[in-house]
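# Residue-level structural notes
Read off the chains here:
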Amino acid sequence: MTLIKETDFGTPIRLSTKMVTLTIDGQEVTVPEGTSIMRAAAEMGTKVPKLCATDSVEAFGSCRLCAVEIEGRKGTPASCTTPAENGLKVWTQTGKLAKLRRNIMELYISDHPLDCLTCAANGDCELQDMAGVVGLRDVRYGFAGENHLGAKKDESNPYFTFDASKCIVCSRCVRACEEVQGTFALTIDGRGFASTVSAGQKEDFLGSECVSCGACVQACPTATLMEKTVIEAGQPEHSVVTTCAYCGVGCSFKAEMRGTEVVRMTPYKDGQANHGHSCVKGRFAWGYATHKDRITKPMIRAKITDPWREVSWEEAIGHAANEFKRIQAKYGKGAVGGITSSRCTNEETYLVQKLIRAGFGVNNVDTCARVCHSPTGYGLSQTFGTSAGTQNFDSVASADVIMVIGANPTDGHPVFASHMKRRLRQGAKLIVVDPRRIDLVKSAHIKADHHLPLKPGTNVAMINAFAHVIVTEGLVKEDYVRERCDMMEFDRWRAFVSEERNSPEAAEKYTGVPAAEVRAAARLYASVNNAAIYYGLGVTEHSQGSTMVMGMANIAMATGNVGHVGAGVNPLRGQNNVQGSCDMGSFPHELPGYRHISTDDVREQFNQAWGVTLDPEPGLRIPNMLDAAIDGTFKGIYVQGEDIAQSDPNTKHVTAGLEAMECVVVQDIFLNETANYAHVFLPGTTFLEKDGTFTNAERRINRVRQAVPPAPGYADWEVTIMLSNALGYPMSYSHPSEIMDEIARLTPTFKNVSYEKLEEMGSIQWPCNDAAPDGTPTMHIGKFVRGKGRFMITEFVATEERVGPRFPLLLTTGRILSQYNVGAQTRRTENVAWHPEDVLEIHAHDAEERGIRDGDNVSVMSRVGETTLKAVISERMQPGVVYTTFHHVGTGANVITTDFSDWATNCPEYKVTAVEVRLSNMQSEWQRDNALFRDATRRIAKAAE
């Protein structure tokens, strides 16, 4: 393996149908109009010396090292800022240029530490490289006099160091923060010799608005901004391209290593989801892979009160298989089931659902994807005919109006958010529909044209009000609807939404949003040809989640905003493989490819391939399994890479169900909360140890490549095979590529997907089949997958979870930038520097009524439970609504969420819980009991001599 070096063309690519031809160093080159001379030279293989230029940001022209001579023009213009033109004759290497460049480099080096041999960037420093390129051999100016060599280091950030003594003030970091990330946290302070890079108002990096995305570190040409892991371990020697295992953006990274030690994760420029950008989690928060809490040996115990006992793989697998067989013999075939993970690969997920259906002989399989985005699958399949988003991420660059509903991209999907913010700075309009004032409402150079702070639980009333305006004010794209949609269904829908009860005025009493503001936002959305909807869990995690998804699809069809670039209905998936776990058949009623288990010809296809007779009846969902466990009829479960005891609603009900089972098998990298109730623990692997694929929110199938050997000795897919074989259902695969080949044979939308094709193309967006051999970036072009688009009636039905005198506030939940999901990974990294605990955001009015001050401990009580956490008085909140995250175990946010759920999919209603908040000076009873229980159930017996 070698270290992958990516070409830096100096300035960004320009896309134009008009081409220009020029001559560089006697060689003709043709490039798109607007391309810089520097990039044109790089395209033909000529590297013009540079320091301030890099192709991730716009040209700046400050270092002057890239000067060239142009026949017929005076002076030596900078090649980075000079556009290519027809007929130009450019010279990049002349005696005059060589002298000029050496003089420039002398000035730089005269104020730079001469510690190359001991510098952490030695061998990866552009200043060092350019000194060699220009032939610098000495510095005539000497090193005496005023300089910056004694400048103080800023080591406040846990992941990188800022060494001002090595800064050449090229401004690349500042421009990357502005243009790539869009945070504007860095600036050049002072002028002339006093110029320095400053984070915020001369703050340190940790205390500033810096979000630690790493764009500045990536852009820095010297050792000024340097990863602490590289400083400690040295420069990497080889790298592997893989895919991040955090959110649903699916960023591509180079895992850069020394031997089997990962030194840093660098965003991959050819990553088609992230284009070389990253966030703090993917870029830096990978240290959990070697954390001391990592479990790498199988363990078993007879009772959850017993200490764990380390055993061989053979004993652990044999014990688990025997227990499952015993349970089925005693209680019936349906007494066992399993849960797949949205954090595991497609191949691993496929095997787990196959094991359950073919090995256990039941359809009792579910996935954590159901508790977040199953309404997306149901709602979009009903209206458009397919269970996924319509666009690729790049489509946002063509959107004229962007509507963000129930999503917080800057925290949950930060790399996509940067892409979106770039488009907003270019002039696109923004509508935010969210109870909180998220960052997109107003932040650096971004301001929403409309923020609709609706009350939690009233999404459907809001979308019906939008539809009412579109229909009654003549904003429907009639030609599009007649050509593309079912007119009978449209006429029914038009009559429904035209009713006065669906008007913004009628909706105002539910949503709390002024009717005039809703009308203005609806007109804005319907007024352009390219309007895009992006939504998140604030849409799906409601009792009417599926209804709301259909409501968004309705207005997109009515305005012609489906089937072309810059438009669409786009779910922002929470975890790295939420889309893939759904695609792979993880629901009890669906086989891979979203085909119903009761469909005879589909089931027969799998019967033939798997050599079994599948049950035509759908199995149990997670809540049904837990209910049946409490009832005594469900006794065994296999859980791979999921933590339902922390992530699912009504924690007490979940744990009661787990405690009632006789065999709980957990496969994970840490002893998670579900493992407190387990009898068998099978150690899992991190993404750095995996081979396979993830499918991101834009249906993009990305390769995950193994960078280091699996710490437990076996990959997760191999463990599932061993368990299946022990159960008596033989599986035989030698590599995950063979599993993908089977998926492709049995799943129409994956028909042409293979590892060979992924290597060739980099990534593929399904459907990838004979009709779309290279994948499908934009869905529903020309016609909908189902044929005619189907408008659905979306009656607003208020949630059963209501406020009242006892519980007068509404709690809604979400995520924060530095943490991820249940925090099992990010809590074991330095990301805790930004979010060491979950807090409760509360409006000043509600806090004052209760005598709560900022930082006070408060008790949050709902109808099902109580927990205690710290209060933060926040202007983000509206009166009557409070907010918290669920990243920390000790908080137990889901102790208070109820088990109300979406009417179609059972997706939990995490976003609406009636609560009361009051001052508290102690932990809740659940928190105290759970802490003791965790300690008691995590004991590991000393290994036998």
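Cut-offs used in this document
Residues numbered from 1 in each chain as written. Predicted model: local features only at pLDDT ≥ 70, side-chain atom pairs only at ≥ 80, totals over all residues. Heavy atoms only, no water. Pairing = 2+ DSSP bridges. Helix = DSSP H or I, 4+ residues; strand = E, 2+ residues; numbered from the N terminus. Axes fitted to C-alpha atoms, helices over the stretch in contact; angles between N-to-C directions. Contact = heavy atoms within 4.5 Å. Buried < 20%, exposed > 50% of the residue type's maximum accessible area, 1.4 Å probe, protein only. Lys, Arg positive; Asp, Glu negative; His and termini not counted. Salt bridge = Lys/Arg side-chain N within 4 Å of Asp/Glu carboxyl O. Phe/Tyr/Trp six-rings, centres within 6.5 Å; stacked < 30°, edge-to-face > 60°. Parallel < 35°, antiparallel > 145°, perpendicular 65-115°, else oblique. Nonpolar A, V, L, I, M, F, W, Y, C, P; charged D, E, K, R; others polar. 1 Å grid on protein atoms, 1.4 Å probe; cavity = no way out; pocket = protein on both sides within 12 Å on 5 of 7 lines; lining within 4 Å. Points joined across faces, edges and corners; volume = space filled by probe spheres on them. Expected span 1.5 Å × (residues − 1). Disulfide = S-S within 2.5 Å.

## Considering the sheet that holds strand β31 (residues 763-765)
- The strand order β29-β30-β31 describes an open sheet built from three strands, whose pairing is antiparallel. Edge positions in the sheet fall to β29 (692-695) and β31, since each has one partner strand and no second. For this sheet, the mean angle separating the axes of adjacent strands, direction not counted, is 30°.
- Pairing of strand β30 (residues 700-704) with β31, which is carried by three bridges, proceeds in the antiparallel orientation. The residue of β31 that forms the bridge with R700 is Q765.
- Along the sheet, helix α9 (residues 346-360) contacts β29 and β30; its crossing angle with β29, the most-contacted strand, is approximately 95°.

## Topic: the side chain of D648
- For D648, the position within the fold is in the loop between α23 (644-647) and α24 (651-659).
- No salt bridge forms around the buried D648; measuring N to O, its nearest opposite-charge neighbour R370 is 5.1 Å away.
- For D648, the residues in contact, after removing those within four places along its chain, are V371, I622, E642, V654, N894 and Y910.

## Quick notes on the packing of aromatic side chains
- The tally for this structure, following the rule as stated, stands at 22 aromatic pairs.
- Ring geometry for Y594 against W766: centres 6.5 Å apart, planes inclined by 40°, an arrangement best described as tilted. In this pair, Y594 sits in the loop between β24 (590-591) and β25 (595-596) while W766 sits in the loop between β31 and β32 (809-814), placing the two residues 172 residues apart along the sequence. A single burial state applies to Y594 and to W766, both of which are buried.

## Comments concerning the sheet that holds strand β9 (residues 225-227)
- The antiparallel open sheet is built from three strands, whose spatial order is β5-β6-β9. With one partner strand each, in any of the chains shown, β5 (153-154) and β9 form the two edges of the open sheet.
- Strand direction decides the pairing type here: β5 and strand β6 (residues 160-163), joined by two bridges, are antiparallel. Bridge pairing links K153 to D163 in β6.

## Regarding the pattern of salt bridges
- By the definition in use, this model includes 59 salt bridges.
- Measuring nitrogen to oxygen at the nearest pair gives 3.1 Å for the salt bridge that ties K166 to D115. Taken together, the residues K166 in the loop between β6 and α4 (172-181) and D115 in the loop between α2 (95-109) and α3 (126-133) connect sequence positions 51 residues apart.
- For D115, a relative accessible area of 25% translates into the label partly exposed.

## A few points about the packing of α4 against helix α12 (residues 414-425)
- Two elements in contact, α4 and α12, have axes whose closest approach is 8 Å; the angle formed by their N-to-C orientations is 90°. Judged on the interaxial angle alone, α12 and α4 are roughly perpendicular. Where α4 abuts α12, its residues E178, E179, V180 and Q181 lie against S418, K421, R422 and R425.
- The class makeup of the residues in the contact of α4 with α12 is one nonpolar, two polar and five charged.

## Overview of the pairing of strand β8 (residues 196-199)
- Summarising the sheet, strand β7 (residues 186-189) and β8 pair through four bridges and their orientation is antiparallel. Considered in β8, the bridge of D189 is made with T196.
- Between β7 and β8, which follow one another and run antiparallel, lie six residues, and G190 among them has a positive phi close to 85°.

## Comments concerning the layout of surface pockets
- Approximately 1100 Å³ is the volume attributed to the second largest pocket.
- Residue assignment for the lining of the second largest pocket shows that the elements contributing at least two residues are α11 (409-412), α12, β33 (839-842) and β36 (881-885).
- Its residues assigned to classes, the lining of the second largest pocket shows 16 nonpolar, twelve polar and nine charged.

## A look at empty space enclosed by the protein
- All chains considered together, the criterion is met by nine cavities of 30 Å³ or more.
- Its volume calculated, the largest cavity comes out at about 600 Å³.
- Residue lining of the largest cavity: 42 residues in total, with L537, G538, T813, G814 and K911 positioned closest to the centre.
- It is β32 that contributes the most residues to the lining of the largest cavity, three residues altogether.
- Each residue belonging to the lining of the largest cavity can be placed in one class, and the counts come to 16 nonpolar, 17 polar and nine charged.
- Approximately 260 Å³ is the volume found for the second largest cavity.
- As for the second largest cavity, its lining consists of 22 residues, of which R343, G641, D668, I669 and T685 are closest to the centre.
- Looking at the lining of the second largest cavity, its residues break down into nine nonpolar, eight polar and five charged.

## Observations regarding helix α25 (residues 716-727)
- Here α25 is twelve residues long and its end C-alpha atoms lie 17 Å apart, about the 16 Å a rise of 1.5 Å per residue gives.
- Along α25, the residues classified as buried are D716, W717, V719, T720, I721, L723, S724 and L727.
- In this structure, the buried residues of α25 make contact with α8 (313-331), α9, β26 (636-640), β27 (663-668), β28 (680-683) and α26 (736-746).

## Topic: the state of the cysteines
- Under the defined criterion, the tally for this structure stands at zero disulfides.
- C170 forms no disulfide, and the closest cysteine sulfur to it belongs to C173, at a distance of 6.3 Å.
- Note on C170: relative accessible area 8%, which makes it buried.

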